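# Coordinate inspection notes
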Amino acid sequence: MVKICCIGAGYVGGPTMAVIALKCPAIEVAVVDISVSRITAWNSDQLPIYEPGLEDVVKQCRGKNLFFSTDVEKHVSEADIIFVSVNTPTKTRGLGAGKAADLTYWESAARMIADVAKSDKIVVEKSTVPVKTAEAIERILTHNSKGINYQILSNPEFLAEGTAIEDLFSPDRVLIGGRETPEGQKAIQALKSVYAHWVPEERIICTNLWSAELSKLAANAFLAQRISSVNAMSALCEATGADVAQVAHAVGKDTRIGPKFLNASVGFGGSCFQKDILNLVYICECNGLTEVANYWKQVIKVNDYQKNRFVNRVVSSMFNTVSGKKIAILGFAFKKDTGDTRETPAIDVCKGLLGDKARLSIYDPQVTEDQIKRDLSMNKFDWDHPVHLQPASPLSVKELSVVWDAYEAAKDAHGLCILTEWEEFKNLNYQKLYDNMQKPAFVFDGRNVVDVKKLREIGFIVYSIGKPLDPWLKDMPAVA
Ligand code: NAD
Ligand code: UDX
């Protein structure tokens, strides 16, 4: 029986291994982590992450051929294939701080593999890493090799949160990069045969190591670029009376461009886009490619601009001051169908409004009060270090309350900001919300989920990203 071990039981390691276990009953899969609380949660009825369909998959395999454990060394030493899916955050200090990937967690995992391995191993880079990481990992692993052979493969993950199980069941492609030696090709075939249990052969792409590592950074950069492109257009739409949804529809109909991933928003978030583009920028700079670095940097600048623009729009619409005013925040997660808040645009928007002395009442169906307060008190880039290393008691923010109901959040509020596109926000009783708010009552829709016409009929003053401006807002100071 082939044994697989995955180091890192996070958003990628957990769901990916659960699907491998489900699709390959003859393979024994162990997912290990240094975080005791995470492993305890994986072994309980309350999984550590919210992901549609995940619970069902885990329940089918857990205890049969899927195990979650903190006994990292035992499972690593027994495995034939070791996936490493630890976090690779942006460095917060030292050389490359604010851009380069921090490989501390990866290096410690590699050193541990080298320490405990007693037989040959295929080591798979599942985490997103800088190009050429495999070379560094190879050196760490073979430093004290004790005659053990290691083959390093790059097998980046393309799942998106909220649709992880769907994406894993039916991936657009699986990418496997390896050495162009006979041993490297043999290792590629071994991993390919795992995915071949459910992924059609033509969707499994095999490349050299560096192409696989770079393709992951490139894919995220291209995706994020689409959002910054449409968000840049949203600003121009507001200035000219065009409607960004109509523009995106017309542009996306061109089959060379395509309709997906063109929704204007308050900005992209999530644990990957910003981190991976910064990583790409750093790699370009290290290779003396300043113009290329600046090109990709602009994707992040536009994203920051979009978040600032939203805050400025809220403040300027409400007579240039939100001081002491209650504002309801609907949605805190970085997208719908996840409880993940890493790099969510809600953090910057809330911080901006708190900076202007607003009082915030926040509601998100999947994010806890503790998490929201932790996020709003954390420094930039600190979020992606293991949860157990983060401050135990988040700072309390006086002007902030977290509630478990949209109506409670909006009660007596002057304005309502929609920051995540949860389905339930489309179907709220807006008349009821309006009746219980201060007047004039404002809605700032950062995800284009509300029916603007209907809300204006109720009496709301509505701002929706990239849509023709409410006559009220046209008279307010320009927003840059
Ligand atoms: P995560 O923070 O949810 O999980 C990482 C886990 O690794 C944590 O539980 C941490 O405790 C554990 N860990 C760290 N060092 C360890 C060690 N030495 N031994 C054992 N466990 C250790 O992160 P994630 O979102 O799952 O991302 C993991 C990697 O996958 C990152 O490189 C990320 O860029 C990449 N990725 C993420 C996504 C996504 O949507 N989240 C998608 C594709 C790729
Ligand atoms: C992303 C990539 O899609 C995935 O392939 C990779 O493996 C990890 O990073 P994820 O961050 O989980 O996945 O979610 P994604 O659906 O890409 O959304 C990222 C952000 O972009 C979210 O904040 C989302 O709301 C925003 N977004 C997405 C838009 O603003 N408009 C869009 O049209 C699409």
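Since this is a predicted model, take the numbers as computed values, not measurements.

The next subject is helix α6 (residues 133-143). Of the residues making up α6, those classed as buried are T133, A134, I137, E138, I140 and L141. Seen from one end, α6 has its buried residues packed into an arc of 165°, which puts them on one side. What points out from α6, more than 90 degrees from its buried face, is the exposed set R139 and H143. Turning to α6, the residues buried within the fold contact α5 (104-116), β5 (121-125), β6 (150-154) and α9 (209-240).

Let us now look at the site of ligand 2. Near ligand 2 lie 20 residues; those nearest to it are L159, S265, F334, K335 and R447. E157 is positioned such that a nitrogen or oxygen atom in its backbone is 3.3 Å from an oxygen atom of ligand 2. Contact with the protein chains hides 91% of the accessible area of ligand 2, taken as 660 Å² for the molecule alone. When residues in the shell around ligand 2 are grouped by element, the largest group, four residues, is from α9. Of the residues in the shell around ligand 2, the class split is eleven nonpolar, four polar and five charged.

With that settled, consider the environment of G53. Tracing the chain through its elements places G53 in the loop between α2 (36-42) and α3 (54-61). For the pair G53 and R203, spaced 150 residues apart in the sequence, the C-alpha separation amounts to 23 Å.

Okay, the nonpolar core next. Among the nonpolar cores identified, the biggest contains 66 residues, and F310, I327, L353, L360, Y430 and F460 are the most heavily contacted of them. Looking at this core, the element that brings in the most residues is helix α13 (residues 345-355), giving six residues. When neighbours within four sequence positions are excluded, F310 is seen to be in contact with V266, V349, C417, L419, F444, D445, G446, Y463 and I465. Counting residues in hydrophobic clusters, the runner-up holds 42 residues, among them V31, V58, W198 and I204.

Turning next to the sheet that holds strand β10 (residues 359-363). The sheet built from six strands is open, its strands ordered β11-β10-β9-β12-β13-β14 with parallel pairing. If you trace the sheet from one side to the other, it starts and ends with β11 (400-402) and β14 (461-464), each paired once. Strand after strand, the sheet turns through a mean of 15° between neighbouring axes, direction not considered. Relative to strand β13 (residues 442-445), strand β12 (residues 415-418) runs parallel, the two being bridged by four bridges. Opposite I418, over in β13, you have D445 as the bridge partner.

Turning our attention to the pattern of salt bridges. Summed over the entire model, instances satisfying the criterion amount to 26 salt bridges. Close ionic contact of R342 with E161 constitutes a salt bridge, the shortest N to O distance being 3.2 Å. Linking R342 in the loop between β9 (326-330) and α13 with E161 in the loop between β6 and α7 (164-169), this pair joins segments that are 181 residues apart in sequence. Across the pair, E161 and R342 agree in class, each one buried. Note that D254 and R256 form a salt bridge whose closest N and O atoms lie 2.9 Å from each other. It is possible to trace a salt-bridge network through shared partners that takes in K3, E28, K74 and E78.

Here we take up the side chain of T16. Relative to the helices and strands, T16 resides in helix α1 (residues 13-23). By relative accessible area, which is 2% here, T16 ends up buried. The contacts of T16, once residues within four sequence positions are left out, are K126, E157, L159 and L168.

Rules and cut-offs
Residues numbered from 1 in each chain as written. Chains lettered and ligands numbered in written order. Predicted model: local features only at pLDDT ≥ 70, side-chain atom pairs only at ≥ 80, totals over all residues. Heavy atoms only, no water. Buried < 20%, exposed > 50% of the residue type's maximum accessible area, 1.4 Å probe, protein only. Helix = DSSP H or I, 4+ residues; strand = E, 2+ residues; numbered from the N terminus. Arc of directions from axis to C-beta. Contact = heavy atoms within 4.5 Å. Near = heavy atom within 4 Å. Polar contact = N/O pair within 3.5 Å; in protein donor to acceptor, adjacent residues only side chain to side chain. Areas by Shrake-Rupley, 256 points an atom, 1.4 Å probe, with all protein chains shown as cover. Nonpolar A, V, L, I, M, F, W, Y, C, P; charged D, E, K, R; others polar. Core = buried A, V, L, I, M, F, W, Y, C linked by side-chain atoms within 4.5 Å. Pairing = 2+ DSSP bridges. Axes fitted to C-alpha atoms, helices over the stretch in contact; angles between N-to-C directions. Salt bridge = Lys/Arg side-chain N within 4 Å of Asp/Glu carboxyl O.

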